[in-house]
Amino acid sequence: MGRLDGKVALVTGSARGIGKGIATVLAREGADVIVADLLIDLAYQTAGEIQNRHGVTTMALEMDVTNEDSIATNVENAITEMGRIDILVNNAGVAPDNLSENEVESDWDRCFEVNLKAIWKVSSAVAPHFKENGGGKIVNIASIAARQGGTIAAYSASKAGAVSLTQSQAIELGPHNINVNAVCPGLLWTDMWRKLEGMLVGDDADEVVDRRDRFEAMLAAACPLGREQMPEDIGKAVAFFASDDAMNITGQALNVDGGIRMN
């Protein structure tokens, strides 16, 4: 038996990367999973892989987390198709197109729309359903960039906002038996980090990016455990927060980063 047997989880931005790792672990713990992503073809592929591997029910949705109509329609469709939602994971996220010294307003707008405001928008669409059902779990994916600013100011600021929003949501929704927590991933080699690697080294050619020079240097310099984090590491933390094991934990942000940031 899994810790999440009988539960239904909606995971945004889960067609690939960290989101896919989260969806996979939740399914392994017994949850039926809704894979919500703009990359709908990849979302269907991921949903199929998870269903075949873990024997749970899955659903793929083409959701734009910045668009309230898209959110409302997809949440309604998910509830109709799956019967309920018990767990919401706000994972969808983006990085800016420029480092801090060259950032423009559109970098800030995009990061705040996807990394911060989307958490509020999707949570606002799902929370009434949670209240009707007597409770639920929300897990927001932030970043260790929320803990200390760096070379991507727009991203760091939006993720710091996500941690603050998590605390506000925990206060607001706690009386309705809704737990709200955050997970702060560390260094993971995802498509987002590939993009950042190219920005940091000043060359986005595959043969340059795939050497992972800056990624490996940061890992060696900053991570006490000396190993990179994997999407399923983040998924395990999410599964804990989504389970009854964490029924008395809310408003917290957990670093999963090999010790890069210590509280």
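That block above? That's the structure.
All residue numbers refer to positions counted from 1 along the written sequence of the respective chain. Two thresholds apply to this predicted model, a pLDDT of at least 70 for residue-level local features and 80 or more for giving and counting side-chain atom pairs, whereas whole-chain, interface and lining totals are computed over all residues. Water and hydrogen atoms were dropped before computing side-chain values, which therefore reflect all heavy atoms in the structure.

### Quick notes on the packing of aromatic side chains
The test is simple: Whether two aromatic rings pair depends on their centres lying within 6.5 Å, for rings of Phe, Tyr and Trp, where Trp uses its six-membered ring; planes under 30 degrees apart make the pair stacked, over 60 edge-to-face, and the rest tilted. By definition, any uninterrupted DSSP run of H or I lasting at least four residues is a helix, any uninterrupted run of E lasting at least two residues is a strand, and each is numbered from the N terminus. Three exposure classes are used, based on accessible area relative to the maximum for each residue type with a 1.4 Å probe and protein chains only: buried under 20%, partly exposed in between, and exposed over 50%. Should the NZ of a Lys or the CZ of an Arg lie within 6 Å of a ring centre and within 35 degrees of the ring normal, that charge is described as sitting over the ring.
One pass over the structure, following the stated rule, counts five aromatic pairs. Between the aromatic rings of Trp193 and Phe215, the centroid separation amounts to 5.0 Å while the plane-to-plane angle is 80°, which identifies the pairing as edge-to-face. You can see Trp193 sitting in helix α6 (residues 191-201) and its partner Phe215 sitting in helix α8 (residues 213-222), a full 22 residues away along the chain. For Trp193, a relative accessible area of 9% gives the class buried. Phe215 gets classed as buried once you look at its relative accessible area, which sits at 0%. Judged by centre distance (5.6 Å) and plane angle (45°), the rings of Phe240 and Phe241 are tilted. Residue classification places Phe240 among the partly exposed residues on the basis of a relative accessible area of 27%. Here the aromatic cluster, defined as three or more aromatic residues joined through ring pairs, consists of Trp189, Trp193 and Phe215. We note Arg212 situated over the ring of Trp189; from NZ or CZ to the ring centre the distance is 5.2 Å.

### Quick notes on the pattern of salt bridges
The following threshold applies: For this document, the term salt bridge refers to a Lys or Arg side-chain nitrogen within 4 Å of an Asp or Glu carboxyl oxygen.
Under the definition given, this model contains 14 salt bridges. Here Asp213 makes a salt bridge to Arg211, at a shortest N to O gap of 3.4 Å. Connected through salt bridges with shared partners, the residues Arg3, Glu29 and Asp245 form a single ionic network.

### Considering the sheet that holds strand β2 (residues 32-37)
This is how it is decided: When DSSP locates at least two bridges between a pair of strands, those strands are taken to pair. For helices, the axis comes from a line fit to the C-alpha atoms of the stretch in contact; other axes are also lines fit to C-alpha atoms, and the angle between any two N-to-C directions lies between 0 and 180 degrees. By definition in these notes, contact holds between two residues if any of their heavy atoms fall within 4.5 Å.
One open sheet holds the seven strands; their spatial order is β3-β2-β1-β4-β5-β6-β7, and the pairing between them is parallel. On the outer flanks of this sheet lie β3 (58-62) and β7 (253-256), each paired with one strand and no other. The sheet shows a mean angle of 20° between the axes of neighbouring strands, direction not considered. Alignment of strand β6 (residues 178-185) against β7, held across four bridges, turns out to be parallel. Bridging from a neighbouring strand, Val183 pairs with Leu254 of β7. The sheet strands contacting helix α4 (residues 105-133) are β1 (8-12), β4 (87-90), β5 (136-141) and β6, and the helix crosses β4 at an angle near 175°.

### Points about the packing of helix α1 (residues 17-28) against helix α9 (residues 231-242)
Condition: To sort the angles, those under 35 degrees are grouped as roughly parallel, those over 145 as roughly antiparallel, those from 65 to 115 as roughly perpendicular, and the leftovers as oblique. By the definition used in this description, the sense in which the near helix is turned from the far one sets the handedness, with an anticlockwise turn below a right angle giving left-handed and a clockwise turn giving right-handed. Residues are grouped as follows: Ala, Val, Leu, Ile, Met, Phe, Trp, Tyr, Cys and Pro are nonpolar; Asp, Glu, Lys and Arg are charged; all remaining types, including Gly, are polar.
At a minimum axis distance of 7 Å, the contact between α1 and α9 shows a crossing angle of 50°. By the angle class used here, α1 and α9 are oblique. Handedness of the α1/α9 crossing: right-handed. Contact residues: α1 offers Gly17, Ile18, Gly21, Ile22, Thr24, Val25, Leu26 and Arg28, while α9 offers Pro231, Glu232, Ile234, Gly235, Lys236, Val238 and Ala239. Classifying every residue of the contact of α1 with α9 by side-chain character gives eight nonpolar, four polar and three charged.

So yeah, pure geometry; function would need other evidence.
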